[in-house]
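# Descriptive analysis of the structure
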Amino acid sequence: MPQTGERRRPAEPGRRPRSERAERVKRTPRAERTQRLKERRGRRSVYDRGRTARPTRHKEMRRRWVALLSVLTAVALVYLLWFSSMLGVRQVDVVGAGSVPADQIRAAAAVPDQKPMLRLDTDEIRDKVAQMPGIATVDVSRSWPSTLEITVTERTAIAFFDSGPGGDGVHLVDGGGVVFKTVKERPAGLPELKLPLVSADDPVTRAVTGVLGVIPQQLLKQVTTASAKTPGSVEFALADGKTVRWGTSADTERKAKVLAALLTREGKVFDVSAPDLPTVS
C-alpha cells in the first residue's frame, strides 16, 4: 500500500545521510576542537621547537654561572679570613692595667703580628697573661677589623708578710691568699700575716685573707697583724693593742656589729667567734 507523507530522496553517492551529519555536528563540541588544537601543536616544526627551548638553555647557563660565582666568592672569603694578613692583627690594646705595665702584658700575650684574626687562639692568649703574678682575671676579645683587646683585673693587696732576715723581702698577698708581688719596704695601711706558711694552697692562709677581705674597712684599717692556727680560729691584733678573736668568715655582718659594741668596753681580748655569746676579757 503506498504511504503518504514526505518522500525521501535517495542518498547521493559519497554523501552522508543528513542524520549522520547532524550527529557529527553534535559530536564536535569544545573538547574535540581542543584535541585538534593539541594535535596541531604536536606537529610544530623543529625550528619552532628550537625557538621555545632556547630560553631554557639560557636560564640553565645563567644558573651555572651564578653557582660558579658563589663558590668563587666563598673561596675568596675563606682565604681572606683565614690566610690573608688583610684582616690580621695590627694592634693589641690592654685595658685595666695599672701597676702591671701594659707592655709586659703584651709581651706575655705574645700575639703574632698580622696573624689572621680568626686563627688567633684567644684562650691560649688568656692563659699566658693569667700566669702573670699581678693579674687576677683576663678577658681576650677581637675588635674588628684588626685589633685584639686584652682586659685585665689586677690583684689587690689585702695583707703582706715579711720573710725576715735572710729572706727575699716583703711579699704582697691578695684576698685569695695569692702571693703576687715582692716589695722592698712594708706597705703602710696593710696588716701583716703571722703564719708559718703563706700560700694560696694553704687552708689557713685562705681563711685569714678571706676574713680580712670581708670585714668593714673601718675595722680593717685598725688591724696590724692577723694569724690563725686552724681555718676556724682567725684572730687579729688592733693598733691600740686589743686582740679580736673572729673565728670563721661566717656571719661577718653580725660579728662586726657585735664587735663595734664590745670595743666600747674595757678589755684586752674580744671574742666574737660566736656572735650570740660574745665575751670580753
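Structure shown above.
Model, not experiment: these values are computed from the prediction.

## Re the overall build of the chain
Secondary structure assignment for the chain yields eight helices and twelve strands. Going through the 281 residues of the chain one by one, you find that 27% of them count as buried. A total accessible area of about 19400 Å² is found for the chain, and carbon and sulfur atoms account for 53% of it.

## Considerations on the sheet that holds strand β2 (residues 135–143)
Strands sit in the order β1-β3-β2 across an open sheet of three strands; the sheet is mixed. Each edge of the open sheet carries a strand with a single partner, namely β1 (91–95) and β2. Sheet twist, expressed as the average angle between the axes of neighbouring strands with direction ignored, equals 20 degrees. Pairing analysis gives five bridges linking β1 to strand β3 (residues 147–154), with the strands arranged parallel. Residue pairing across strands places Asp93 opposite Glu149, the latter belonging to β3. Running over the sheet, helix α4 (residues 102–109) touches β1, β2 and β3 and is turned about 125 degrees from β1. Along the sheet face, helix α5 (residues 122–130) touches β2 and β3 and points at about 150 degrees away from the line of β2.

## Notes on a nonpolar patch on the surface
Residues Met61, Trp65 and Leu68 make up a contiguous nonpolar surface patch of roughly 320 Å² in combined accessible area. Of note, Met61 is situated in helix α3 (residues 46–82). A residue is classified by how much of its surface remains accessible, and Met61, at 42% relative accessible area, is partly exposed.

## Brief notes about α5
Three or more residues of α5 are buried, namely Thr122, Ile125 and Val129. Take α5 and look down its axis: the buried residues cluster within an arc of 60 degrees, on one side only. The inward-facing, buried residues of α5 abut α4, β2 and β3.

## Remarks on the environment of Ala102
You can see Ala102 is positioned in helix α4. The sequence separation of Ala102 and Ile150 amounts to 48 residues, and the corresponding C-alpha distance is 9.7 Å. If we skip the residues at most four places from it in the chain, Ala102 touches Val94 and Ala97.

## So, the packing of aromatic side chains
Under the definition given, this model contains one aromatic pair. Judged by centre distance (5.9 Å) and plane angle (35 degrees), the rings of Phe236 and Trp246 are tilted. With Phe236 in strand β9 (residues 234–238) and Trp246 in strand β10 (residues 243–247), the pair connects residues that are ten residues apart, well separated along the chain. Comparing Phe236 with Trp246 shows no difference in burial state: the two are buried.

## Notes on unusual backbone geometry
Residue Trp144 is joined to Pro145 through a cis peptide bond whose omega torsion reads 10 degrees. Following the sequence through the fold, Pro145 ends up in the loop between β2 and β3. A positive phi angle, close to 50 degrees, is found at Ala110, a residue other than glycine. Take Ala110: it is sitting in the loop between α4 and α5. The class for Ala110 is partly exposed, based on a relative accessible area of 43%. Despite not being glycine, Gln114 has its phi angle at roughly 65 degrees, a positive value. Within the secondary structure layout, Gln114 lies in the loop between α4 and α5. Under the relative-accessibility criterion, Gln114 is labelled partly exposed at 37%.

What counts and how
Residues numbered from 1 in each chain as written. Predicted model: local features only at pLDDT ≥ 70, side-chain atom pairs only at ≥ 80, totals over all residues. Heavy atoms only, no water. Helix = DSSP H or I, 4+ residues; strand = E, 2+ residues; numbered from the N terminus. Buried < 20%, exposed > 50% of the residue type's maximum accessible area, 1.4 Å probe, protein only. Areas by Shrake-Rupley, 256 points an atom, 1.4 Å probe, with all protein chains shown as cover. Pairing = 2+ DSSP bridges. Axes fitted to C-alpha atoms, helices over the stretch in contact; angles between N-to-C directions. Contact = heavy atoms within 4.5 Å. Patch = residues over 30% accessible without salt bridge, like charges linked within 9 Å, V, L, I, M, F, W, Y side chains within 5 Å. Salt bridge = Lys/Arg side-chain N within 4 Å of Asp/Glu carboxyl O. Arc of directions from axis to C-beta. Phe/Tyr/Trp six-rings, centres within 6.5 Å; stacked < 30°, edge-to-face > 60°.

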